[in-house]
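Structural characterization, general
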Amino acid sequence: MNTNYDLKRIALLLRADWMEYRKGYLLSMGVLFLVWMLGLFFEYRGGHLIPVGGGFWSIGMMIVFILFCQHAGRKMHRSKGIYLLLPASKEEKYTALLLEALAYFVGFQILFWGGILIWKPFMPVHFYPAGNANGSEAGTIFLSALLFLSYMSFRKHAFLIVVGGMTAFAFVFVFAVLVLSELIHLTDAIYYMSYLPDTLLFLGDCYTPVMVISALVTMYVAYLKLKEKEER
């Protein structure tokens, strides 16, 4: 078998997954579309403006990503290991998996904007952007990559493992901040406080690139998990 990176094999992987998982995919998108249509109806009746990019869009994107992660986890941890035995390279399988993530997001965008186009001719609903980007997207990207890695690594309770890990990290971070605050009060506060603003500004400037790089590293680790699973 030609082990080079072959787009035809990727297309065959996508076709095979579509044949096997299309009912679940279409059902999930259908339920989201129904909820969105009902949301538009009740939002209009309430006489409110609809914030495009917020509300349902944000929640829907989160739900769609979790659905994709569950899909990836099923493929990785099936007892018979059919997916891992397919005649394709690890790089081709991983690329196909990422393209399937894109299919989930594109499908959600189609139903989201399709719902708006359906309602707009019949009701005088006004749409406006939810707001400008505030830098939180980088953290969201990293957390999404972490969730994907969890589903690629653990057969059960992947979501709870990520939530538990992030909660433990938050407690440790808050504890460290409290300890640092006590040290500042017990020692020369003026000396420490003179460096604290500069430190916070530096961390703020580095936040976005650090989160993006961390997300890329996490996605690479997810690829290594697929490679490890296939070689067993």
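Residues numbered from 1 in each chain as written. Predicted model: local features only at pLDDT ≥ 70, side-chain atom pairs only at ≥ 80, totals over all residues. Heavy atoms only, no water.

1. Considering the overall build of the protein chain
Applicable threshold: Numbering of helices and strands runs from the N terminus, with a helix taken as a DSSP run of H or I at least four residues long and a strand as a DSSP run of E at least two residues long. Contact definition: two residues touch when any of their heavy atoms are within 4.5 Å. With residues, only the protein chains shown are counted as cover, and all accessible areas are computed by Shrake-Rupley using a 1.4 Å probe.
A count of helical and extended segments in the protein chain gives six helices and two strands. Listing every helix and strand of the protein chain by position from the N terminus yields α-β-α-α-β-α-α-α. Nonlocal contacts in the protein chain, meaning residues at least 24 apart in sequence, comprise 83% of its contacts between residues at least 6 apart. Accessible surface for the protein chain amounts to roughly 15200 Å². Of this, 72% is attributable to carbon and sulfur atoms.

2. What about the nonpolar core?
In plain terms, the rule: Residues belong to a common nonpolar core when they are buried Ala, Val, Leu, Ile, Met, Phe, Trp, Tyr or Cys residues joined through side-chain atoms within 4.5 Å. Only protein chains enter the accessibility calculation, which uses a 1.4 Å probe. A residue is then buried if its area is under 20% of the maximum for its type, exposed if over 50%, and partly exposed in between. For each domain, the first and last residues come from an automatic or database assignment.
Grouped together as the largest cluster of nonpolar side chains are 34 residues, with contacts concentrated most on W36, F68, C69, F108, L147, F148 and M152. Secondary-structure elements contributing two or more residues to this core are α1 (7-45), α2 (56-77), α3 (90-119), α4 (136-153), α5 (158-186) and α6 (189-231). Residue contributions to this core reach at least three from each of two domains, namely domain 1 (1-131) and domain 2 (135-232). L147 has contacts with F65, I66, C69, F159 and V162, leaving out every residue within four places of it along the chain. A138, F142, M211 and A215 belong to the second-largest nonpolar core, a separate cluster that totals five residues.

3. Focus: the packing of α2 against α3
The line we're drawing: Every angle, taken between N-to-C directions, lies between 0 and 180 degrees, and every axis is a line fitted to C-alpha atoms, over only the stretch in contact when it is a helix. Comment on the angle field: the value is read as roughly parallel under 35 degrees, roughly antiparallel over 145, roughly perpendicular from 65 to 115, and oblique elsewhere. For any pair of crossing helices, the crossing counts as left-handed if the nearer helix is rotated counterclockwise from the farther one by less than a right angle, and right-handed if it is rotated clockwise. Note on residue categories: nonpolar means Ala, Val, Leu, Ile, Met, Phe, Trp, Tyr, Cys or Pro, charged means Asp, Glu, Lys or Arg, and polar means any other residue, Gly included.
One way to put it is that α2 packs onto α3 with a least axis distance of 10 Å and a crossing angle of 150°. Classified by the angle between their axes, α2 and α3 sit roughly antiparallel to one another. Read as a crossing pair, α2 and α3 show a hand that is right-handed. Contact residues: α2 offers F56, W57, G60, M61, V64, F65, L67, F68, H71, A72 and K75, while α3 offers L97, E100, A101, Y104, F105, F108, Q109 and F112. When its residues are assigned to classes, the contact of α2 with α3 shows 14 nonpolar, three polar and two charged.

4. Some words on the confidence of the model for the protein chain
Cut-off, in case you're wondering: Confidence scores labelled pLDDT are given residue by residue by the predictor and lie between 0 and 100.
Confidence in the prediction of the protein chain, expressed as mean pLDDT, is 77, and 70% of residues score 70 or more. Per-element confidence in the protein chain ranges from a low mean pLDDT of 50 for strand β2 (residues 127-129) to a high of 89 for α3.

5. Side note on the side chain of T218
One can find T218 in helix α6. Here T218 falls in the buried class, since its relative accessible area comes to 7%. When residues no more than four places from it in sequence are discounted, the contact partners of T218 are F142, A145, L146 and L149.

6. A look at the environment of G39
Along the chain, G39 falls in helix α1. On a C-alpha basis, the gap between G39 and G115 in space is 9.9 Å, while along the polypeptide they are 76 residues apart.

7. Points about unusual backbone geometry
Non-glycine residue H157 carries a positive phi angle of around 60°. Assignment of secondary structure puts H157 in the loop between α4 and α5. The exposure class of H157 is exposed, given its relative accessible area of 56%.

8. Things to note about the packing of aromatic side chains
Definition in use: In this analysis, rings of Phe, Tyr and Trp, with Trp reduced to its six-membered ring, are considered paired at centre separations within 6.5 Å, and the interplanar angle assigns stacked below 30 degrees, edge-to-face beyond 60, and tilted for intermediate values.
This model, assessed by the stated rule, comprises twelve aromatic pairs. Both rings, one in Y220 and one in Y223, keep their centres 6.0 Å apart while their planes meet at 35°; by these two values the pair is tilted. Of the two residues, Y220 and Y223 both sit in helix α6, three residues apart, roughly one turn of that helix. Classification of Y220 as partly exposed rests on a relative accessible area of 49%.

9. Things to note about the pattern of salt bridges
Worth spelling out the cut-off: Salt-bridge detection follows one rule: a side-chain nitrogen of Lys or Arg within 4 Å of a carboxyl oxygen of Asp or Glu.
For the structure shown, the criterion picks out three salt bridges. The partner of E92 in a salt bridge is R9, with the nearest N and O atoms 2.9 Å apart. Taken together, the residues span a long stretch of sequence, with E92 in helix α3 and R9 in helix α1 at a distance of 83 residues. When sorted by exposure, E92 lands in the same class as R9, which is buried. One salt bridge connects D17 with K75, and the closest N-O pair in it is separated by 2.5 Å. Remark: K75 occurs in helix α2 and D17 occurs in helix α1; sequence separation between them is 58 residues. Its relative accessible area of 11% is what places D17 among the buried residues.

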